[in-house]
Protein chains: 2
Amino acid sequence: MRIFESVLNRAFPYETEKRTERYLALNENPFDFPKEIIDRAFVKELELSNLKIYYDSPDESLIERILDYLGAVFLDRKNVSIGNGADEIIYVTMLMFKRVVFFPPTYSCYKVFAKALGVEFLELPLEDGVYIPDVDVKEGDVVFVPNPNNPTGHLFGSDEIEKLLRKGAFVALDEAYYEFSKVTYLELLNRYDNLAIIRTFSKAFSLAGQRVGYVVSSASFVDAYNRVRLPFNVSYISQLLARLALENYQIFEERINWIMNERERMKENLRSFGYRISDSRGNFVFVYLDANEKNVILQRLSDKGIAVRNFKDGIRISIGLREENEIILNVLGGLRESNKLEGLT
Amino acid sequence: MRIFESVLNRAFPYETEKRTERYLALNENPFDFPKEIIDRAFVKELELSNLKIYYDSPDESLIERILDYLGAVFLDRKNVSIGNGADEIIYVTMLMFKRVVFFPPTYSCYKVFAKALGVEFLELPLEDGVYIPDVDVKEGDVVFVPNPNNPTGHLFGSDEIEKLLRKGAFVALDEAYYEFSKVTYLELLNRYDNLAIIRTFSKAFSLAGQRVGYVVSSASFVDAYNRVRLPFNVSYISQLLARLALENYQIFEERINWIMNERERMKENLRSFGYRISDSRGNFVFVYLDANEKNVILQRLSDKGIAVRNFKDGIRISIGLREENEIILNVLGGLRESNKLEGLT
């Protein structure tokens, strides 16, 4: 049918690196969701009778725990909702505005979803690869900004965000990596009703496979979001695991600290090898590379069963287990070392 | 912001009856998802390492089990995908066509989603409340038909569906209640590429809270659907439970037979009381009522902690546990009995 051709022409599949033994391509958490929480969930918390019903999404107890976690007195239940991953929140938000705006290099799904949905979009590159460009946005536009940015991991200044807000655009600030940066612009919700903060359980809480994200915004945005999204968008067990994750935050806190330390160690080492890297505050590092060196590195990593995410200007490497990170450092360190030696002969 | 006003004007929340002790309003399965399957899932099948990753949606093993269950040799993996409930399949399909068509009384979410998405739609009532009207549809239209219909539960003839297919419209045939009707038009996929069959694990498999539906169609529709939907749309644990449900079909088969028998018993009794009912093949019955009698019945059921679904022309009552069904029969039987007595005095 011709109708499919138009969809097949505008939409393209979301492609990710093929899964390998040591997979550092999607910024997944290197640690399993805690076995003790799973055990508690299934022995004590799970109510079998909730599986067969159209379970409330969100349920009140999850929203209450999210509010506790946010710790912002100016927020209440009307300011929070959940999504089938942060992705659903992004997807549904795109359906609510006239135009979608984003600044590459950025989260690749902004473009994938805008094309899938057939909405108008404007992509304008970051200035010098790091600053939000001076862009003519206005009411009716929704601007998507990950903070820390993905794939570079650097933070934008609150002045950069406020500039967009003052122009009247709606800003969807994607704080997927907040737990690894400890920087949030949640407080801006006090002053702007054209802002949404999007968060996820996929990264810091090791729950990517269970698809839970949340959004914090003005009551009117949350009301509109709740009307446009699917009414039963997050499963009962996913909501249960998300709530238990927040109730056991101390388990994750230790892991988050380890990942942050490991990220800093990786950055130091990569810098000492002479690589140009970004100042990442996520659970990943970004290494700028020319095409030749990038291809050599991708091949050597692939030989060791490692996949990283391939970008035009470099590679994004998720922080993995110590052993995985060591292989990364050995391969990248070894390459520069042998290049130096070759230069000497 | 004005932008929210337009969304708030077009979209309205999906309203359901308030949850009560005995809830027969949403055609949920009266039986819990089997404890033995949950135990097997968490003791033997669950791989903890899958929770932290962006787990494939769908995974191959679930698709294989669905194909086995369908048992149609002309179908392969390219013909099947899954959704966050059948609802996501409906929602995403609406985004792929120029106009949405449906025939009330029908599944209420067709209108809710069309308004939420802001897509053009045409609603044309069923002729005599049961037949698909002669409608001018063409390529670019998607026609949603539940079969058995919801809320009446009656079946449409394959000639009625083929008439739409021959006009070139895309038909999304919603077989959510297939297991209770044992009638499917899956075979039509052999002859028409403008047809999708939508199914769900929410009804016969007691998994409404876990949000898993599936769609069977031409490879080109499935390809387009996979590009427009969220890439990771169904959680790991939900996929696991859906697969285990199919692998333990015999447990559900017995329950399905019980529900079908109970439905027939309810229909016979309601008819014997003098009520006008539809020939429902779902896990529910529909009783046509005038406004006065309906309000009396809703009040009496409410007094006993029972919620049923309220429609303009009557009420839809889900088949519940034996005890719940007995209360229904007592209330509805008692009312007609006392009316008769009053008529005599």
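This is a predicted model, so every value here is computed, not measured.

Caption draft 1: Structural view of the packing of helix α3 (residues 60–70) of chain A against helix α9 (residues 236–247) of chain A. Residues and elements named next belong to chain A. Relative to each other, α3 and α9 sit at 30°, their axes nearing to 9 Å. With respect to each other, α3 and α9 are oriented roughly parallel. Relative to α9, the crossing made by α3 is left-handed. Between α3 and α9, the residues in contact are S61, L62, R65, I66 and Y69 and Q239, A242, R243, L246 and E247, respectively. Tallied by class, residues from the contact of α3 with α9 come to 5 nonpolar, 2 polar and 3 charged.

Caption draft 2: Representation of the interface of chain B and chain A. Counting from both sides, the interface comprises 62 residues of chain B and, opposite them, 62 residues of chain A. Listing elements by their share of the side of chain B that touches chain A, those giving two or more residues are α1 (2–10), α2 (35–45), α4 (85–94), α5 (109–117), α8 (219–228) and α9 (236–247) of chain B. When residues of the side of chain B that touches chain A are assigned to their parent elements, the largest contribution, 7 residues, is made by α8 of chain B. Looking at the side of chain B that touches chain A residue by residue, the classes come out as 35 nonpolar, 15 polar and 12 charged.

Caption draft 3: Structural detail: the relation of the copies chain B and chain A. Rotating chain B by 180° about the axis while translating it 0.0 Å along that axis superimposes it on chain A, leaving an RMSD of 0.0 Å. Here the transformation between the copies is reduced to the relation of a two-fold axis. By residue overlap, the copies meet face to face through one surface: 100% of the interface positions of chain B are interface positions in chain A.

Caption draft 4: Quick peek at the nonpolar core. Judged by nonpolar contacts, the single largest core of 211 residues is most densely connected at V171 of chain A together with V171 of chain B. Once you skip the residues sitting within four places of it in the chain, V171 of chain B turns out to touch V143, V145, I161, L164, L165, N194 and L195 of chain B.

Caption draft 5: How the structure looks around helix α10 (residues 249–272) of chain B. Residues and elements named next belong to chain B. Here α10 is 24 residues long and its end C-alpha atoms lie 34 Å apart, about the 34 Å a rise of 1.5 Å per residue gives. Turning to α10, its buried residues are F252, I256, I259, R263, M266 and L270. Just past α10, the residue G274 takes up positive phi, approximately 100°.

Caption draft 6: Local environment of the sheet that holds strand β6 (residues 170–174) of chain A. Residues and elements named next belong to chain A. Spatially, β2-β8-β7-β6-β5-β3-β4 is the arrangement adopted by the 7 strands of the open sheet, whose pairing is mixed. Here the strands that pair on one side only, and so sit at the sheet edges, are β2 (80–83) and β4 (121–123). Each strand axis lies, on average, 20° off the axis of its neighbour in the sheet, ignoring direction. As paired strands, strand β3 (residues 99–102) and strand β5 (residues 141–146) are joined by 4 bridges and run parallel to one another. Residue pairing for β5: F102 is matched across the bridge by F144. In the packing of helix α6 (residues 158–166) onto the sheet, the strands contacted are β5, β6 and β7 (195–200), and the crossing angle to β6 comes to about 150°.

Criteria and cut-off values
- Residues numbered from 1 in each chain as written.
- Chains lettered and ligands numbered in written order.
- Predicted model: local features only at pLDDT ≥ 70, side-chain atom pairs only at ≥ 80, totals over all residues.
- Axes fitted to C-alpha atoms, helices over the stretch in contact; angles between N-to-C directions.
- Helix = DSSP H or I, 4+ residues; strand = E, 2+ residues; numbered from the N terminus.
- Parallel < 35°, antiparallel > 145°, perpendicular 65-115°, else oblique.
- Left-handed = near helix turned anticlockwise from the far one by under 90°.
- Contact = placed C-beta atoms within 7 Å.
- Nonpolar A, V, L, I, M, F, W, Y, C, P; charged D, E, K, R; others polar.
- Least-squares fit on C-alpha atoms with pLDDT ≥ 70 in both.
- Core = buried A, V, L, I, M, F, W, Y, C linked by C-beta atoms within 7 Å.
- Buried ≥ 20, exposed ≤ 12 C-beta atoms within 10 Å, placed from the backbone.
- Expected span 1.5 Å × (residues − 1).
- Pairing = 2+ DSSP bridges.

Purely spatial values, then, with no claim about function.
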